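Chains, contacts and geometry: an overview
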Amino acid sequence: MNLFLFLDRDSPVHSLDPRTKIFLLLGSFVAAVLFFQPGPLFALLLVLLVYGAMGRALQNLRRIWLLLLSIAIVSIMSWSVFARGATPVFWRVTWEGFLYGLGAAIKIDSMIIAGLIFLSTTKTEEIVLGLIRLRVPYQAAFAFSLAIRMVPTIIGTAVTVTEAQRSRGLDLESGGPLARLRKHIPLLVPIFLDTLRNTDQLAKALESRGFGARRERTSYLEIGFHAADGLALALGALILAIFVAIRFTG
Amino acid sequence: MPVIRLNEVSFRYRGANEPALSEITCHIRAGELVGLLGRSGSGRSTLASTLNGTIPHLVRGDLRGQVHIGGQDIRAQRPRDLADRVGFVFQDFEAQLFSTNVALEVAFGPENLGVPREEISRRVDRYLRLVRLEALRRKASAGLSGGQKQRLALASVMALEPQVLVLDEPTSDLDPAGRADLWDAVRDLRRERALTLVIIDPETDEMGWVDRFIVLDRGRIALSGTPSELRRATGTLEGLGVKGFTLARLASAIGLQEEWQDADQAATAIRTAGWRVKEDAAETMRRADAERANGEVLLEVEDLTHRYPDGTEALSGVSCAIRRGEFVAILGQNGSGKTTLVKHLNGILRPTAGDIRLSGQSLRGQPLTRLSRLVGLVFQNPDHQIFAERIRDEVAFGPRLQGLAEGEVARRVDEALEAVDLAGAGDLDPFVLTKGSRQRVAVASTLATKPEVIILDEPTTGLDHRELEGMMALIQRLNQAGHTILIITHAMAVAAAYARRGILMRNGRIVRDGTAREIFSDESSLLELGLTPPPAVQVANRLGVPALTLDELVASLTRAPLAPCPPAPRSHS
């Protein structure tokens, strides 16, 4: 089971410089937080989907659609109930509250999708390299990539431990909230200890590969700005400018 | 001048009472290939960890004496500063891989050392070619097999071009084909460039190609010598808890003073010396086998298919029946579907298609708890399940979940601990135990739920020779006491010696299912699946007798009555 998001493909988005993609990601976050109305946020979502399609990254949506959907449902339901508005629809739900919830749903989902596209089209080594070129210290940039590296390991351990305890008869689905929480102790202890052991192993393996031996490290990957990066950044800036204009004039 | 010099090296882990190493003095020449043997806890891994400075820099404790690598004291240098001189490959291949794909993994070390880009690129090509992974350079390491991962770890360490390479049990988690490929890659590397090698591997039989063995016992060097010298000292070796050379044991069992390199040579020499197989040998073995008839069918797997959520089909139309009292070994390479199959038998996984019948009753649409009551599954790594602070509570976990009264729980815990030879240890913290004993705790935890069928996934991985024999004797006792046993194992000697039936799997299918004798006497089918029969079985096959262990083989041999007994010829090698 592959738990990494990166999809190794040749696409125009893959071949962009990681710094370009970092800027585009930040730009999409800015555009998303500018608005509360569903209309412009929906337009942003469409732009992101086109970007994702160009990067051939949308198949990863299948892996997180449940998350996206639950965020949308929770957001729409809670805002519909709790936000006040002038136009009642039924019970406490108002049209304005519904629209606000819908907007918030698209906003959060868009930001997640933007992050997903970034991780699907950029190798962690490229992200590290891009961050270094943006003057982030190497140790900090590498810590970020190590965090991404550890997620699948921990999930893998969690799956195995859960299977092992279930095979001993542990039933996680029944009982009250407190009882259920207590049932997780047999899971958490082995997962925690295994992760500790793993981290210790990882540290030894990193050292033996010369990690941190020199101040200056070289890079096997090459990154650099090309014409496509200029075009992508210009287009991104233009779209962001349009969103800003809509926000502050309309 | 030796490249590795240890002078009176002692080490005590922080908090430990006994030293892990005591006054070790040894020199290793440049280009030498040294095999490090010893039971678990003998100090093998501790010694290896001093060679790249992991001890004292990353492990706390008290180091005395001098460790010099290439003339420099390791105290002055951290492992990362030694990385271009001493390479280290660990047992756990998952923890050694950090990168998005294969090529970047190899590049990671040289990048850290500031090697120019063109040179990195040259090294990536070179070492991927040497470990035969060049075709996979863009592949994510998560998608590689265990054997490929370990070869990738080897290439990424070699890309630092060290003079010394330390391999700490690199094959323990690999299947037989993965092991063979890794050793081939190591030999190829050694042909390409001068390399001093220190290898820890418990499979003595597969280590005959080293220049010298060093055997540790309780932190001291107990024995050292060339493979020939150690073959002659096989008895001493076993006294130190290390697996002896099978062929050397065979030779001495029939009174031949010879040294054999492989099964062909052994078989020829045995014939030349006038030994032959007793005429009724095969018949006697089969009769003994037949005496142990099995009971009725307990579990039936019919046309079982399993597809994981990501679409991979791990099992495709598997059918088999398990009878009461059987002892079955499920064999096959990593990824052939063995573990997925047994997870169905215990109800952890539900079939995508097909059916499992319990005493003739279909489980389709039934809760799987009925299955988990009948079938206990002991996972490969005991540390994935041990959580309690006392062994007694750990073992009581299953029975308590079944809702048994505390009196009954206590009785079962005592019984289970008794069965695994841990009676009286109930109040200890499981984490003070060795890996072998933690494995026993896991078995006891399963036993305490009184399952009729016990499945063990790789029960001997990471155990030393003595612990392995103890574990297998325990499993055999359980079988004799009436439990039906299924084991998944890569250890062919274990499968041959203990199982009575073998199921061979490949690519999610059962490709052969028969008695252990049938399976192991058909050597070509095994080899086709990347499985090598153990040395004793190989010799037996060449002599034409279906013996499964060294003892059976020796018992089936007799001196030809007519031929005069020639003096045993001296070995030419």
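Reading guide: rules and limits
- Residues numbered from 1 in each chain as written.
- Chains lettered and ligands numbered in written order.
- Predicted model: local features only at pLDDT ≥ 70, side-chain atom pairs only at ≥ 80, totals over all residues.
- Helix = DSSP H or I, 4+ residues; strand = E, 2+ residues; numbered from the N terminus.
- Buried ≥ 20, exposed ≤ 12 C-beta atoms within 10 Å, placed from the backbone.
- Pairing = 2+ DSSP bridges.
- Domains from an automatic or database assignment.
- Contact = placed C-beta atoms within 7 Å.
- Axes fitted to C-alpha atoms, helices over the stretch in contact; angles between N-to-C directions.
- Left-handed = near helix turned anticlockwise from the far one by under 90°.
- Nonpolar A, V, L, I, M, F, W, Y, C, P; charged D, E, K, R; others polar.
- Core = buried A, V, L, I, M, F, W, Y, C linked by C-beta atoms within 7 Å.
- Expected span 1.5 Å × (residues − 1).
- Bend = angle between axes of the 7 residues up to and from the residue.

Regarding the overall build of chain A
Within chain A, the secondary structure is distributed over nine helices and two strands. In sequence order, chain A lays out its α and β elements as α-α-α-β-β-α-α-α-α-α-α. Taken along the three principal axes of its C-alpha coordinates, chain A extends 60 × 60 × 30 Å. Looking at chain A residue by residue over its 250 residues, the buried ones come to 34%.

Considerations on the pairing of strand 3 (residues 33-37) of chain B
Residues and elements named next belong to chain B. Of all five residues in strand 3, four are buried, a share of seventy percent or more. Pairing geometry for strand 3 and strand 8 (residues 196-200), over four bridges, is parallel. Bridge pairing in strand 8 places Leu 36 opposite Ile 200. Note that strand 3 and strand 9 (residues 212-217) share four bridges and pair parallel.

Re the domain arrangement of chain B
Residue and element names in this part refer to chain B. Taken domain by domain, chain B holds domain 1 (4-241) and domain 2 (292-521). Averaged C-alpha coordinates put domain 1 and domain 2 at centres separated by 33 Å. Contacts between domain 1 and domain 2 engage 13 residues on the former and 14 residues on the latter. In terms of residue count, helix 7 (residues 176-192) provides more of the side of domain 1 that touches domain 2 than any other element does, three residues in total.

So, the packing of helix 4 (residues 102-112) of chain B against helix 6 (residues 146-158) of chain B
Residues and elements named next belong to chain B. Close contact between helix 4 and helix 6 brings their axes to 7 Å; oriented N to C, the two are set at 35°. Crossing hand, helix 4 versus helix 6: right-handed. Taking contact as the criterion, the partners of Val 102, Glu 105, Val 106, Phe 108 and Gly 109 in helix 4 are, on helix 6, Leu 152, Ala 155, Ser 156 and Val 157. When grouped by side-chain class, the residues that make up the contact of helix 4 with helix 6 number six nonpolar, two polar and one charged.

Remarks on the environment of Asp 393 of chain B
Along the polypeptide, Asp 393 of chain B turns up in helix 15 (residues 391-401). Along the backbone, Asp 393 of chain B and Leu 363 of chain B are 30 residues apart, and their C-alpha atoms lie at a distance of 32 Å.

Looking at the sheet that holds strand 18 (residues 453-457) of chain B
Residue and element names in this part refer to chain B. What the six strands build is an open sheet, ordered 17-18-19-14-20-21; its pairing is mixed. Across the chains shown, the open sheet's two edge strands, defined by having one partner strand only, are strand 17 (375-378) and strand 21 (509-515). Pairs of neighbouring strands in the sheet enclose a mean axial angle of 15°, with direction left out of account. Its contacts with the sheet put helix 18 (residues 465-480) on strand 14 (327-331), strand 18 and strand 19 (484-488), and the angle it makes with strand 19 is roughly 150°.

Here we look at the nonpolar core
All names here are of chain B. One finds Ala 444 and Ile 455 to be the most contacted residues of the largest nonpolar core, which totals 98 residues. Leave out the neighbours within four places in its chain, and Ile 455 touches Val 342, Leu 345, Asn 346, Val 375, Leu 377, Val 378 and Leu 486. Core analysis: the next-biggest nonpolar cluster, separate from the first, contains 81 residues, Val 89, Tyr 127, Phe 213 and Leu 216 among them.

Examining helix 6 (residues 138-167) of chain A
Here helix 6 of chain A spans 44 Å end to end across 30 residues, near enough to the 44 Å set by a 1.5 Å rise per residue. At Met 150 of chain A, helix 6 of chain A shows its maximal kink, close to 25°; a proline, Pro 152 of chain A, follows between one and four residues later. Of all the residues in helix 6 of chain A, the buried ones are Phe 142, Ser 145, Thr 157, Val 161, Ala 164, Gln 165 and Ser 167 of chain A. Its buried side turned inward, helix 6 of chain A meets helix 5 (124-133) and helix 8 (185-208) of chain A together with helix 14 (369-374) and strand 17 of chain B. Gly 169 of chain A sits one or two positions beyond helix 6 of chain A and adopts a positive phi of about 105°.

Some remarks on the sheet that holds strand 2 (residues 21-28) of chain B
All names here are of chain B. Strands sit in the order 2-1-4-5 across an open sheet of four strands; the sheet is antiparallel. The open sheet has two edge strands with one neighbour each: strand 2 and strand 5 (72-73). Here strand 1 (residues 4-13) runs beside strand 2; their pairing, made up of five bridges, is antiparallel. Counted as the bridge partner of Leu 6 is Cys 26 from strand 2.

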